[in-house]
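Architecture at a glance
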Amino acid sequence: MLFNSFTYMLFLPAVVLIYWAIPGRYRGSRATLLLVASYIFYMNWKPAYGLLIFALTVINYALGLALEKFAARKKQILIAGLIFNLSCLCFFKYANFILGSIFSGVHGLSALFMPDQADNWTSPALKIILPLGISFFTFEFIHYIVDVYRGSAAVRNFRDFALFAAFFPSQIAGPIKRFQDFTHQLVEKPVFSSANFREGMFLILQGLFKKIVLGDNMGYVVNTGFNHISRMGFVDTWIAVAGFTFQIFFDFSGYTDIGRGSALLLGYKVPENFNWPFLAANLTEFWRRWHISLSTWLRDYLFIPLGGSRVSPARARFNTMLTMVLGGLWHGAAWHYVIWGAFHGAGLVLSKEWTDLAARTPFLSRLRPHPVWHWSGVAFTMLFLFMAGILFRANTIPQALTIAHKLIILDSGGDVTTMFLNSTLPVSLTLYLLYLAARSWLDKAARQESLLNCAYSAARNYFEGSLPTQVVVYASVAFIILGFAPLHVSPFIYFQF
Amino acid sequence: MQTIARTEKTQASPKVGEVKVRKPLWRTGGETLLASLVAICLLETFFNFAGIGQQEFFEPDQDLGARHIPSKQVTWRMEGLSRDSFNSFGMRDYERSLAKSPGTTRIAVLGDSAAEGLQVPLEDTFPIALQNMLNKEAKEQGATKRFEVLNFGCAGYSSAQEVVQYETQVAKFSPDIVVLFYNQKDAAESVIDNSMRAISDPKPYCYLSPAGELKFDNAIMEARADELKPDPLLSWLRRESRLYGVINQTLFSLSVNDKRFVKMKHWLTRQKQNRKIAPAAYPPQNPDLVGAKLIERLNADVTSSGGRLIVMMFPNTAGYPDLKRQQVLFSKLAQKAGFGYLDLSEPFINHKHKQELIIEYHFSKKGHKFLADLLKPYIH
C-alpha cells in the first residue's frame, strides 16, 4: 500500500478511529489491532510475503530469547542469527546480482578463449520478486539480536516484538527503528494528545507536499532528461542532475514525514531521518543529517565493530570505505550502487583529511570561522552530491560518464529546461522555500519578546483551540497538494531498496 | 522551540478545578463557515495566480454531448503548456464575429485534440500559424483579400460529433473551406457496440441502415438527457471555480491510477450503469464505412453551402493498421466525391527531426508550424 494512494487515505483514518475507540485499559487490544493493520498493510501488496515477514519475526524472536537463555553459547547463536538474516537478504535482493556478476566474469574469460561458444550464452536469472522493505526490517532484526547479544533485555511479548518488526508507518522504507525506543512506547499506556494529533497531521501533509508536489513533478523532469540523454544540452543536464538530488530528498523525506505523522496519530514516535541535509558544510556532516537511521545503523553495527576511527589512519580509511561500499550495496543490487558507495567513501576520507589539514594549517584555521568558508563547504558538498547522484540514477556506468561529460560541454538543448519551466515546479518550489523561511523566522521570533511573537502566539493559541479552523487549514493544504499533483502516481523511490 | 513546547504543555493540561467551557454550537458553526469562506477565497486566488485547476473545460451540450465552455480560461499542463482562454463561442481561437467581412476567405478547421492544440500557446497552433502565413503572403503580394482560419477543434470529438458540429455551429460562420483533421479513432468513436451502451458517453453515434444510409443513434443521449440538461450551479462552478477544477482533476487522476477507487466508483454509480438503454436495432457496424459515410455527408453539407472540404489525415508515423486502411478508403472517396485529401504521413515520417514534431501524443510548436507549412500550398 502506498502512503500516497487513495487506499491509504481510507486505511489510515479507519485504523486511527478504531484504535482510539478501543478503551485505554485494553492496551493489548490496541497493539493487536496495530499488528493486524500492519499485516493488512503489507499483505495488500503481495499476500505471500506476509508469511515471510512473519517467519523472520518468529525466528528472530526465538533467537533473542535463546541469546538470553544460553549465555554460554550466545556468540554461536549470534553468528547463526546474522547468517540467517543476511542469507535471506542476499537471496531475495542479491541472488540475481551475484549470479549475473559471476556470469559476466566467466563469460568475459570464455570470450577470450572460446569466442564462438561464448556468444550463445545467456545470463541466468532466478524469478525472485524483492519483498518490500526487506532491507529495512532485516537491519532491524540484526540490530535486535546484536543488542540482545550485547546485553539488552530481549522482548518477551511476541506481539510487541512482531509489532516492532511490522509497524506499518515505518515498515516499508524505515526509519530503521531501535527496539528499545519502540517497545517501551508499547509498555506505556498511550493517551490521545491533541498536540500529537496536530503534529501528526502537519507531518503527513508536509510529507505529501514533498512527495507529490515536489518529488513527483521533479521526477517527470528528471526522467525526461535521463531517458533522452543524447538530447540534453548543458542547462538541461544540470537541471536533470540537480533535480534528481532534490527529487530523492523530497521523495524519501516526504515518505518519512508521512510515516512519522501516521505513527504520531497513533501515539507513537519513530525516529527522525533527515535534518536539513543540504545545509551540511562537509560530507561527514551530510551523513549525520541524511538518512540518519541508516547512517547510525551502519556506524553502530558495521563501522564501530570494524574498529571505527580509533585505529591506525590507514585502517580507519579502510573502515570508512568498506562501510560506505556496503552501504551502497544495501541500496541496490547493481554495480553503480557499489561505485556510488565507494564514491561517498572516498569523499568521506578526503573530507576528513581536508578538515584535519585545515585544523593543522594556521592560514586555513584563520579562514574557518568566516561564513564564506562555511558556505563554500555547503556548495562544494552539494556539487559532490550532484555527481554522486549521477552514479545513483544512471542505469549503467557508461551512461553516468556521458551525463558527467555533458555537464561541462556547452551544448544547446532545451527539452528538460522547457519542461521544468512549464511545470508547476517554479511555483511550488517558491511556495516551499517561503514556507521554510516563514517557519525558521517564526521559530526565531518565538524566542524573543516582541509584538510579532505576541501575534504569533495568539494565532497559534486560536488555531490550537479551534477544531473547525484546524480542519479547514488541513483541507486547504490537502487541496493545494491535489491541485499541484501530477496525473500519475509514482511509487516511493526507496520502496525498491 | 523550547518556549513553544512549554506553552503547549501548559495548555494541554488544564489546571485543577478549571472548568473547560464547551463552545456553543452556533459559534462552532460560525467559525467553520467563516474559516471555510476565507480558505475558499484564498485558495481560488492562489490557484488562479498559479494556473491550477484550470484544466476543466467541458460542459454538457444537448447536440454534441460535450463542448468547450465559452470564454473559459484554461491552463493546460498535462502535456506541454498553454495558458489562454476559449473565445465566446467556445473555440480555441481568438475572438471571432459570426458575420464574414467582405474580401475574407474563411477556413474552418474541425478535429479533435490534435487540432485544438492545448499543448502549445494559442498563437503557435497550426490554424493561427496558417492564418498568419496566408495573410502575410497576401500582404506581400499587395492583395486586399484576407484569410481567417477558425479553429473548431475539440478534444475527444468523433467524426459523428464533427458532422453535427458543422451542421449546428460551424455552418453559421459561412466558411469557404472546411479542413477536417481526421484522427485514427474518429470513425471508431462514432459507432457504438451494444455491450457498451450503458457506460458510454452520451453523444451522437451513427450507423448504416440496411440500405446503406447514414443514420444517427441518439438513444444514449435521450436516455441520459438529465446529464445533458444545463445545471446553473454546476455550470457556474465549471466556469469560475478552480477548486472545482482541482476536485475533478483529482477524481480523474484517481480513476486512472487507483483500481480500488474505480471499483468504489462503479459500486456507487451502479444504479446509473444499470439503467435501461434500448439495445441497438441494427447489427454491429464497420467503423471505416460509417466514417466514409460521415465524410460524404460533411462534404455534401459543405458543398451545398458553397464551400470546399479538405480531409487532412493524421500522420500515421506509428503505422497503425486502422489508419492505413482508412487512408486508402478515404483517398479513393476523395477522388470519387471531389473533395481535397491531404495525407500527412509521408512528410512527417521523412522529416529530419521528426521526434521534435511531437511532444508525447500531440504536436509540439514545431509540429504545428510544420503542419501549417504543409497545409498552406494545399489551400492555394
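This structure is a prediction, so every number in the text was calculated from the model and none was measured.

Observations regarding the overall build of chain A
Of the regular secondary structure elements, chain A holds 21 helices and 0 strands. Compactness check: chain A gives a C-alpha radius of gyration of 25 Å against a globular reference of 23 Å for 497 residues, within 12% of the reference. Overall, chain A is about 75 × 60 × 55 Å in size when its C-alpha atoms are taken along their principal axes. Within the span of chain A, comprising 497 residues, buried residues form 51% of the whole.

Points about the overall build of chain B
The helix and strand tally for chain B stands at 15 helices and 11 strands. A principal-axis box enclosing the C-alpha atoms of chain B has dimensions of 95 × 55 × 40 Å. Scored against the burial criterion, the 380 residues of chain B give a buried share of 47%. A separation of at least 24 residues holds for 69% of the contacts in chain B among residues at least 6 apart in sequence. By element, 57% of the accessible surface of chain B is carried by carbon and sulfur atoms, the whole surface being about 19900 Å². Treating the 50 positive side-chain charges of chain B as one cloud and the 43 negative ones as another, the clouds have centres 5 Å apart.

Thoughts on the sheet that holds strand β5 (residues 104–110) of chain B
To summarise the sheet geometry, strands pair through backbone hydrogen bonds and adopt either a parallel or an antiparallel arrangement. Residues and elements named next belong to chain B. The sheet built from 5 strands is open, its strands ordered β6-β5-β7-β10-β11 with parallel pairing. Each edge of the sheet is formed by a strand with only one pairing partner; in this case those strands are β6 (146–151) and β11 (340–343). Strand-to-strand, the axes of this sheet are offset by a mean angle of 20°, without reference to chain direction. In this structure, strand β10 (residues 308–313) lies alongside β11, joined through 4 bridges in parallel fashion. Note on β11: the bridge partner recorded for M312 is L342. Relative to β11, helix α13 (residues 321–337) is tilted by about 155°, and along the sheet it contacts β7 (177–182), β10 and β11. Lying over the sheet, helix α15 (residues 365–379) contacts β5, β7, β10 and β11, oriented at roughly 155° with respect to β11.

Some details on the side chain of S5 of chain A
Residues and elements named next belong to chain A. For S5, the position within the fold is in the segment before α1 (6–21). Residue classification places S5 among the buried positions, given a relative accessible area of 12%. There is a polar contact of 3.2 Å between the side chain of S5 and the backbone nitrogen of Y8.

Some thoughts on the nonpolar core
If you look at the biggest cluster of nonpolar residues, it comprises 136 residues, and the most contacted ones within it are Y8, L34, F168 and Y268 of chain A together with F47 of chain B. No other element matches helix α10 (residues 234–265) of chain A, which puts 13 residues into this core. Both domains that meet at this core, namely domain 1 (6–100 + 127–189) and domain 2 (198–419) of chain A, each give it at least three residues. Aside from chain neighbours lying at most four places away, what touches Y268 of chain A is Y19, L34, F167, F182, Q185, L186 and A263 of chain A. Counting 61 residues, the second largest nonpolar core, distinct from the first, contains L208, I295, V311 and L357 of chain B.

Description of the interface of chain A and chain B
Note on interface size: it is often stated as the accessible area lost on association of the parts. In this assembly, 35 residues from chain A lie in contact with 36 residues from chain B. Three residues stand out in chain A for area buried against chain B, namely F6, F479 and L487 of chain A, and they jointly supply 22% of the buried area on that side. Inspection of the region where chain A meets chain B yields 0 salt bridges. Between the two partners, chain A and chain B, sit 4 residue pairs in polar contact (both at pLDDT 80 or more).

A few points about the packing of aromatic side chains
Residues and elements named next belong to chain A. Evaluated as defined, the whole model comprises 73 aromatic pairs over all chains. Seen in terms of ring centroids, F141 and F161 are 6.0 Å apart; in terms of plane orientation they differ by 40°. Their pairing is tilted. With a gap of 20 residues between them, F141 in helix α6 (residues 134–150) and F161 in helix α7 (residues 158–166) connect regions that are remote in the sequence. Owing to a relative accessible area of 1%, F141 belongs among the buried residues under this scheme.

Overview of a nonpolar patch on the surface
There is a patch of nonpolar side chains on the surface, built from L10 of chain A together with M264, W267 and L268 of chain B and spanning about 430 Å² of accessible area. A per-element tally of the nonpolar patch places helix α10 (residues 259–268) of chain B first, with 3 residues. By secondary structure assignment, the location of L268 of chain B is in helix α10.

Here's the deal with the pattern of salt bridges
Summed over the entire model, instances satisfying the criterion amount to 33 salt bridges over all chains. We note a salt bridge from D356 of chain A to K352 of chain A, for which the minimum N-O separation is 3.2 Å. Taken as a pair, D356 of chain A and K352 of chain A lie in helix α14 (residues 335–360) at a separation of 4 residues, close to a single helical turn. Of the charged contacts, one joins R96 of chain B and D93 of chain B as a salt bridge, the two residues approaching to 2.8 Å between their closest N and O atoms. Given the relative accessible area of 11%, R96 of chain B is considered buried. Each member of the salt-bridge network shares a partner with another, and the members are E59, D61, R67 and R239 of chain B.

Considering the domain arrangement of chain A
Residue and element names in this part refer to chain A. Here the domain parsing of chain A yields domain 1 (6–100 + 127–189) and domain 2 (198–419). Each of domain 1 and domain 2 has a C-alpha centre, and the two are 28 Å apart. Between domain 1 and domain 2, the contact holds 34 residues from the first and 33 residues from the second. For the pairing of domain 1 and domain 2, the buried interface totals around 2800 Å² over both sides, and the portion due to carbon and sulfur atoms is 68%. Where domain 1 packs against domain 2, one counts 1 salt bridge. Between D300 and R178 there is a salt bridge, and its shortest N-O distance comes to 3.1 Å. The tally of links from domain 1 across to domain 2 stands at 14 residue pairs in polar contact (both at pLDDT 80 or more). The set of elements that each furnish at least two residues to the side of domain 1 that touches domain 2 consists of α1, α4 (74–113), α6 and α8 (179–187). Sorting elements by how many residues they give to the side of domain 1 that touches domain 2 places α6 first, with 8 residues.

Remarks on helix α12 (residues 292–303) of chain A
Judged by how many residues are buried, α12 of chain A sits mostly within the fold: 10 of 12 residues are covered. Of all the residues in α12 of chain A, the buried ones are I292, S293, L294, S295, W297, L298, D300, Y301, L302 and F303 of chain A.

Looking at the confidence of the model for chain B
Residues and elements named next belong to chain B. Scored by pLDDT, chain B has a mean of 88; 93% of the residues are at 70 or more. Of all the helices and strands in chain B, helix α1 (residues 2–12) carries the lowest mean pLDDT, 41, while helix α5 (residues 159–168) carries the highest, 96. Counting interchain partners and residues more than four positions distant, the pLDDT-below-50 stretch residues 1–17 has 13 contacts.

Procedures and definitions
- Residues numbered from 1 in each chain as written.
- Chains lettered and ligands numbered in written order.
- Predicted model: local features only at pLDDT ≥ 70, side-chain atom pairs only at ≥ 80, totals over all residues.
- Heavy atoms only, no water.
- Helix = DSSP H or I, 4+ residues; strand = E, 2+ residues; numbered from the N terminus.
- Rg over C-alpha atoms; globule rule 2.2 N^0.38 Å.
- Buried < 20%, exposed > 50% of the residue type's maximum accessible area, 1.4 Å probe, protein only.
- Contact = heavy atoms within 4.5 Å.
- Areas by Shrake-Rupley, 256 points an atom, 1.4 Å probe, with all protein chains shown as cover.
- Lys, Arg positive; Asp, Glu negative; His and termini not counted.
- Charge placed at Lys NZ, Arg CZ, Asp CG, Glu CD.
- Pairing = 2+ DSSP bridges.
- Axes fitted to C-alpha atoms, helices over the stretch in contact; angles between N-to-C directions.
- Polar contact = N/O pair within 3.5 Å; in protein donor to acceptor, adjacent residues only side chain to side chain.
- Core = buried A, V, L, I, M, F, W, Y, C linked by side-chain atoms within 4.5 Å.
- Domains from an automatic or database assignment.
- Buried area = accessible area lost by both parts, 1.4 Å probe.
- Salt bridge = Lys/Arg side-chain N within 4 Å of Asp/Glu carboxyl O.
- Phe/Tyr/Trp six-rings, centres within 6.5 Å; stacked < 30°, edge-to-face > 60°.
- Patch = residues over 30% accessible without salt bridge, like charges linked within 9 Å, V, L, I, M, F, W, Y side chains within 5 Å.
- pLDDT = per-residue confidence, 0-100.

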